[in-house]
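Per-entry structural report
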Amino acid sequence: MTARSLPVRHEVRRRDRRTGRFIKVFTLTYTDQDGTRTRTLPARGIERIGRIVNRLGERGEAWDIAVTDRSGNDVTFDFTCFT
């Protein structure tokens, strides 16, 4: 038998406990006085944390707020907390 190398996957894949389906995850990135912060969350988490980050942005305490999907596409304004 020969060893076959598999590609390394660095993405986070989660399943819904109720349905067993994969949950789409997004990356929320923003900068504050302490540096750049990155969180990988499902859509519900983006909405929850995004409201807080958006308020920080309105007060000038956070900037460069962005949400990207797995492919790296900007989907920030697909979430109601940022519109």
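Before going into details, it helps to say that this report is about the structure given with it. (Residues numbered from 1 in each chain as written. Predicted model: local features only at pLDDT ≥ 70, side-chain atom pairs only at ≥ 80, totals over all residues. Heavy atoms only, no water.)

Some points on the overall build of the protein
- Across its full length, the protein carries one helix and five strands.
- Overall, the protein shows an N-to-C arrangement of helices and strands of β-β-β-β-α-β.
- For the protein, the residues scored as buried account for 27% of the 83 residues in total.
- Counting every atom, the protein has about 6800 Å² of accessible surface; 47% of that belongs to carbon and sulfur. (Helix = DSSP H or I, 4+ residues; strand = E, 2+ residues; numbered from the N terminus. Buried < 20%, exposed > 50% of the residue type's maximum accessible area, 1.4 Å probe, protein only. Areas by Shrake-Rupley, 256 points an atom, 1.4 Å probe, with all protein chains shown as cover.)

Here we look at a positive patch on the surface
- Among the surface-exposed residues, Arg18, Arg39, Arg44, Arg48, Arg51 and Arg55 lie close enough to one another that they form a single positively charged patch.
- Tallying contributions element by element places helix α1 (residues 43-58) first for the positive patch, with four residues. (Patch = residues over 30% accessible without salt bridge, like charges linked within 9 Å, V, L, I, M, F, W, Y side chains within 5 Å. Salt bridge = Lys/Arg side-chain N within 4 Å of Asp/Glu carboxyl O. Lys, Arg positive; Asp, Glu negative; His and termini not counted. Charge placed at Lys NZ, Arg CZ, Asp CG, Glu CD.)

Quick notes on the sheet that holds strand β5 (residues 62-68)
- Pairing within the open sheet is antiparallel, and its three strands lie in the order β4-β3-β5. Each having just a single partner strand, β4 (35-42) and β5 make up the two edges of the open sheet. Each adjacent strand pair in this sheet contributes to an overall mean axis angle of 15 degrees, direction not counted.
- Contacting β3 (25-32), β4 and β5, α1 runs over the sheet at an angle of about 150 degrees to β4. (Pairing = 2+ DSSP bridges. Axes fitted to C-alpha atoms, helices over the stretch in contact; angles between N-to-C directions. Contact = heavy atoms within 4.5 Å.)

So, the nonpolar core
- Counting 13 residues, the largest nonpolar core has Phe26, Leu28, Ile46, Val67, Phe79 and Phe82 as the members making the most contacts within it.
- Taken together, the elements giving at least two residues each to this core come down to β3, α1 and β5.
- For Ile46, the residues in contact, after removing those within four places along its chain, are Phe26, Leu28, Leu41, Arg51, Val67, Phe79, Cys81 and Phe82. (Core = buried A, V, L, I, M, F, W, Y, C linked by side-chain atoms within 4.5 Å.)

With respect to unusual backbone geometry
- Positive phi values are uncommon outside glycine, yet Asp64 reaches one of about 55 degrees.
- With respect to the helices and strands, Asp64 occurs in strand β5.
- For Asp64, a relative accessible area of 58% corresponds to the exposed category.

Examining the pattern of salt bridges
- Applying the stated rule across the entire model yields three salt bridges.
- Across the pair Arg37 and Asp34 runs a salt bridge, and its minimum N-O distance is 3.3 Å.
- Here Glu61 ties to Arg59 by a salt bridge, and the two come within 3.3 Å at their closest N and O atoms.
- On the basis of relative accessible area, Arg59 is assigned to the exposed category, the value being 54%.
- Each of Asp32, Asp34 and Arg37 takes part in a single network of salt bridges with overlapping partners.

All quantities given are derived from atomic positions and should not be read as evidence of function.
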